[in-house]
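The lines below spell out each chain.
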Amino acid sequence: MAEILVQENALHIDDADMAAILESLSENGLSAETVKQSTWLKAAWWVLVLVWVGGDFSHMAFDKTLEDLAKKLRQHYKDRDKAPPARIDFVDESDNPIASLEIEEDDPPS
């Protein structure tokens, strides 16, 4: 059984993007699968929503997972000339926030 459900977002996540997300989570030792989008946010940017269904977790390891995923997604979307998510939100099965991480832009060239 998956520990994380990755909410689909047809406007911003295609098959290659989803494969990159699932691979990054797997590299961090987490099993994940896709699920229909159920969290809708009204904003000028988009947010990747992950749902934690794996029970207890270590908060520090969780923060590292978010940081790793953000770094890989920023590069993946940059390589594909697409806008990455502005933020990654982790929620529980009741949509209660667990953690959130802003995905920062690369530093502009000097």
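Residues numbered from 1 in each chain as written. Predicted model: local features only at pLDDT ≥ 70, side-chain atom pairs only at ≥ 80, totals over all residues. Heavy atoms only, no water.

**Q** What is the right way to look at the overall build of the protein in this model?
**A** In terms of helices and strands, the protein carries two helices and five strands. The 110 residues of the protein split such that 35% are buried. Taking the contacts inside the protein whose residues are at least 6 apart along the sequence as the reference set, 71% of them involve residues at least 24 apart. (Helix = DSSP H or I, 4+ residues; strand = E, 2+ residues; numbered from the N terminus. Buried < 20%, exposed > 50% of the residue type's maximum accessible area, 1.4 Å probe, protein only. Contact = heavy atoms within 4.5 Å.)

**Q** Looking at this model, I keep getting lost on the packing of aromatic side chains. Mind explaining?
**A** The way to describe two aromatic rings as a pair is by their centre distance and the angle between their planes. Using the criterion set out here, one finds one aromatic pair in the structure. For the ring pair W46 and Y77, a centre distance of 5.7 Å and an interplane angle of 55 degrees mean the geometry is tilted. With W46 in the loop between β2 (32-35) and β3 (47-52) and Y77 in helix α2 (residues 59-79), this residue pair connects regions lying 31 residues apart in the sequence. Overall, the relative accessible area of 0% leaves Y77 in the buried class. (Phe/Tyr/Trp six-rings, centres within 6.5 Å; stacked < 30°, edge-to-face > 60°.)

**Q** Would you take a moment to explain the pairing of strand β4 (residues 87-91) for this structure?
**A** Two faces belong to every sheet, and in a regular strand the side chains alternate between them. Taken across its five residues, β4 has five buried, putting it largely inside the fold. The side-chain alternation of β4 yields two buried faces, one formed by R87, D89 and V91 and the other by I88 and F90. By the bridge criterion, five bridges tie β3 to β4 in an arrangement that is parallel. Looking at β4, one finds that V47 is bridged to R87. Bridge count for β4 against strand β5 (residues 97-102) is five bridges, and the pairing is antiparallel. (Pairing = 2+ DSSP bridges.)

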